[in-house]
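Chain residues, written in single-letter form:
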Amino acid sequence: MAGQSSKMKSRLSTIRYEMTRDFIAHHTSKIIPEFTSEDEQKMMEIFEIPDMKTCVVTGEKVAKSGGDHLFEVRGYLKKTGKVGIEQKWNRLPVSTSENIRYKKFKFTDDNDKSYTKNIGWEELTDAEFNLCTPKQQRLYRNIRKWFSYCEEKNVTLGVEMPDSARIEMEKAIDSAMEILLEGIERMKNTSSN
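Criteria and thresholds
- Residues numbered from 1 in each chain as written.
- Predicted model: local features only at pLDDT ≥ 70, side-chain atom pairs only at ≥ 80, totals over all residues.
- Heavy atoms only, no water.
- Axes fitted to C-alpha atoms, helices over the stretch in contact; angles between N-to-C directions.
- Helix = DSSP H or I, 4+ residues; strand = E, 2+ residues; numbered from the N terminus.
- Parallel < 35°, antiparallel > 145°, perpendicular 65-115°, else oblique.
- Left-handed = near helix turned anticlockwise from the far one by under 90°.
- Contact = heavy atoms within 4.5 Å.
- Salt bridge = Lys/Arg side-chain N within 4 Å of Asp/Glu carboxyl O.
- Buried < 20%, exposed > 50% of the residue type's maximum accessible area, 1.4 Å probe, protein only.
- Core = buried A, V, L, I, M, F, W, Y, C linked by side-chain atoms within 4.5 Å.
- Phe/Tyr/Trp six-rings, centres within 6.5 Å; stacked < 30°, edge-to-face > 60°.

## Overview of the packing of helix α2 (residues 12-28) against helix α8 (residues 163-191)
At a minimum axis distance of 11 Å, the contact between α2 and α8 shows a crossing angle of 135°. By the angle class used here, α2 and α8 are oblique. For the crossing formed where α2 meets α8, the hand is right-handed. Here L12, I15, R16, M19, T20 and F23 of α2 come into contact with α8, specifically with A165, M169, E170, A172, I173 and M177.

## Looking at the pattern of salt bridges
Pairing between side chains of opposite charge can happen when the charged atoms of each approach one another. Inspection of every chain in the model, using the stated rule, returns 17 salt bridges. Ionic pairing is found between E170 and R16, a salt bridge with its closest N-O pair at 2.8 Å. A residue pair is termed long-range when its members are at least 10 positions apart, and E170 in helix α8 and R16 in helix α2 qualify at 154 residues. Under the relative-accessibility criterion, E170 is labelled partly exposed at 23%. Between K153 and E38 there is a salt bridge, with its nearest N and O atoms 3.4 Å apart. Here K153 is found in the loop between α7 (134-152) and β6 (158-159), whereas its partner E38 is found in helix α3 (residues 37-47), with 115 residues between them in sequence.

## Some points on the nonpolar core
One finds F47, V56, I85, W89, L92, W146 and L157 to be the most contacted residues of the largest nonpolar core, which totals 45 residues. Of all elements in the fold, only α2, α3, β4 (104-108), α7 and α8 reach the threshold of two or more residues within this core. For this core, the leading source of residues is α7, giving seven residues. Apart from residues no more than four positions distant in its own chain, W146 is found in contact with F35, D39, K42, M43, I46, F47, L70, W89 and L157.

## Quick look at the packing of aromatic side chains
The tally for this structure, following the rule as stated, stands at ten aromatic pairs. Relative to W121, the ring of Y76 has its centre 6.2 Å away and its plane inclined at 45°; by these criteria the two rings are tilted. Of the two residues, Y76 sits in the loop between β1 (68-69) and α4 (77-80) while W121 sits in the loop between β5 (114-118) and α6 (126-131), which places them 45 residues apart along the sequence. Judged by relative accessible area, which is 2%, Y76 ranks as buried. For W121, a relative accessible area of 29% translates into the label partly exposed. Grouping aromatic residues by their ring pairs yields a cluster made of F35, F47, W89, W146 and Y149.

Fair warning: the whole summary comes from geometry, so function is off the table for now.
Quick look at the structure:
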């Protein structure tokens, strides 16, 4: 096989992400209850927002209404063995400026070593919670309340992706990559003629 293209290789995580989203939406469609207007109202109540276009972190209006995955699609896979579901249950309205950092809480241990906890999947100890700012405490409490509400409704925000599906995804990516690399080689050959 021809040499790997670093440009295409850099897109493999995006391809895995989108394939996971498509598969998980299908895989969980029959086991995750429908997100109703009652559930939307409960989300707004828990996060203390007037509508689904208000950021749960800042209280400001958000530019897009798609929301951020509370339990990340693939971001927690290595640590939890789970991927985030692709339903409204798992999407919070969050402003773009907060999107990459709002779930990451930084701490320093007794040995002055810094560490981070991601509240999208990790729980804080009482000591860690007490070190948080009031704004962080409020957000953490609200996220924990949302997880509890989802549990009451038999909704799990992170699910295991079946090994068979993961294997098929990797086979498909390998096949597609081989075809693409062959195409690049043919393209290179046309420029030398």
